[in-house]
Amino acid sequence: MERIGFLGLGLMGHGMAHNLVTKGWPLTVAAHRSRTAVEDLVGKGAVEGSIAQVAGCDIVVLCVTGSPQVESLVRQMAPHLREGAVVVDCSTSDPVSTATLAAELATRGVTLVDAPLSRTPKEAWAGTLDVMVGASDAVFARVQPVLSAFAGKIVHIGGPGDGHRMKLLNNFLSLGYAALYSEALVLAQKVGISPPRFDQVIRGGRMDCGFYQTFMGYMIEGNREAHKFTLSNAAKDLRYLEAMADAAGVANPVGNAVKNSFVAALATGGAGDADYVPHLPLFVGRANGLDMEPK
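What you are looking at is a predicted structure, and each value in this text was computed from that prediction instead of being measured.

Enquirer: Is there a simple way to think about the packing of helix α8 (residues 162-190) against helix α11 (residues 231-248) in this case?
Expert: In a packed pair of helices, the relevant descriptors are the angle between the two axes and the axis-to-axis distance. Axis separation between α8 and α11 bottoms out at 9 Å; the angle between their running directions is 120°. For the element pair α8 / α11, the angle class is oblique. Considering only the axes of α8 and α11, their crossing is left-handed. In contact with Arg165, Leu168, Leu169, Asn171, Phe172 and Leu175 of α8, α11 contributes Ala234, Asp237, Leu238, Tyr240, Leu241 and Met244. A class-by-class count of the residues in the contact of α8 with α11 yields 9 nonpolar, 1 polar and 2 charged.

Enquirer: Where do I start with helix α5 (residues 95-106) in this structure?
Expert: Note that an α-helix has 3.6 residues per turn; residues three or four places apart therefore point the same way. The end-to-end C-alpha distance of α5 is 16 Å, a good match for the 16 Å that 12 residues give at a rise of 1.5 Å each. Among the residues of α5, those classed as buried are Pro95, Ser97, Thr98, Leu101, Ala102 and Leu105. The buried side chains of α5 occupy one side of the element, clustering within an arc of 150° when seen end-on. Where α5 is buried, its residues touch α4 (67-77), β5 (86-89), β6 (111-114), α8 and α11. The N-terminus of α5 is capped by aspartate 94, whose side-chain oxygen sits 3.0 Å from the backbone nitrogen of valine 96.

Enquirer: Looking at this structure, I do not really get the pattern of salt bridges. What am I missing?
Expert: Pairs can form between side chains of opposite charge once their charged atoms are near each other. For the structure shown, the criterion picks out 14 salt bridges. For the salt bridge of glutamate 48 with arginine 35, the shortest nitrogen-to-oxygen distance reads 2.8 Å. One end of the pair, glutamate 48, is in strand β3 (residues 47-48); the other, arginine 35, is in the loop between β2 (27-29) and α2 (36-43), with 13 residues separating them in the sequence. What makes glutamate 48 partly exposed here is its relative accessible area of 36%. Overall, arginine 35 belongs to the partly exposed group, its relative accessible area being 38%. Residue glutamate 242 pairs with lysine 259 through a salt bridge whose shortest N-O separation is 3.1 Å. Within this pair, whereas glutamate 242 is found in helix α11, its partner lysine 259 is found in helix α12 (residues 253-267), the two being separated by 17 residues in sequence. Classification of glutamate 242 by relative accessible area gives partly exposed; the value is 23%. Of the residues examined, lysine 259 reaches a relative accessible area of 14% and is grouped as buried. A single salt-bridge network, built from bridges that share partners, covers Arg3, Asp58 and Arg82.

Definitions and cut-offs
- Residues numbered from 1 in each chain as written.
- Predicted model: local features only at pLDDT ≥ 70, side-chain atom pairs only at ≥ 80, totals over all residues.
- Heavy atoms only, no water.
- Axes fitted to C-alpha atoms, helices over the stretch in contact; angles between N-to-C directions.
- Helix = DSSP H or I, 4+ residues; strand = E, 2+ residues; numbered from the N terminus.
- Parallel < 35°, antiparallel > 145°, perpendicular 65-115°, else oblique.
- Left-handed = near helix turned anticlockwise from the far one by under 90°.
- Contact = heavy atoms within 4.5 Å.
- Nonpolar A, V, L, I, M, F, W, Y, C, P; charged D, E, K, R; others polar.
- Expected span 1.5 Å × (residues − 1).
- Buried < 20%, exposed > 50% of the residue type's maximum accessible area, 1.4 Å probe, protein only.
- Arc of directions from axis to C-beta.
- Polar contact = N/O pair within 3.5 Å; in protein donor to acceptor, adjacent residues only side chain to side chain.
- Salt bridge = Lys/Arg side-chain N within 4 Å of Asp/Glu carboxyl O.

So, in structure tokens, the structure goes:
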């Protein structure tokens, strides 16, 4: 089996790395902010190393916040990456940055694969994430067994960069739903229809979906961790979408409106590490003089 390096043991990465090591992959990890994940993985058979030692593996998986973090890590690893190695970026990154890094690594004989994720930390631990992959056919065949350790659905979207492009489109849809739900819930409350009554109509009807049910886990059940994806990460992804649309020469007015919903939430107190997407109605409500805290 190929030796796997892993950087980015946060909400998603810890569960992904857990699946790799418990399913028998030789795993080397490095700590960043917290040692808790590293100590857990070492206890399961992983090896702790430096970034240089992680870079010496056959396949290196990255799962960090976005392109600035990916760029920093790739350039730290670059002198230590071996010819023939593959770097798999599971972050939601800017496709323009992805193309630049791929070209830089190619001069060293190293391949960059974009393999962003869909679903939540719960599925990361269960090994049932969705992954959309941008890679050549040969490289996809090489990394697919590794991705299968933590993913239940793997789609080969196309060539390098296409995975990140598809991920931005995917998040445009999901975050667009979040903005719509938030505005609808606030308007409903304003005209006298409570979130539970609203939910009775939508749940089980044609407008219901898996994302709606996760999103409403906070508004109906008060579960603050129903979907642990931060408002700040959402705004970042929508800025990447805006840049992609600009580069393609495509008008994206709905995307800009959705982005503005999240940026407004950040500007009014939603930029914390525990401010998640299902909390967006709180900030839309405050802007309209309403308290949307679940009762």
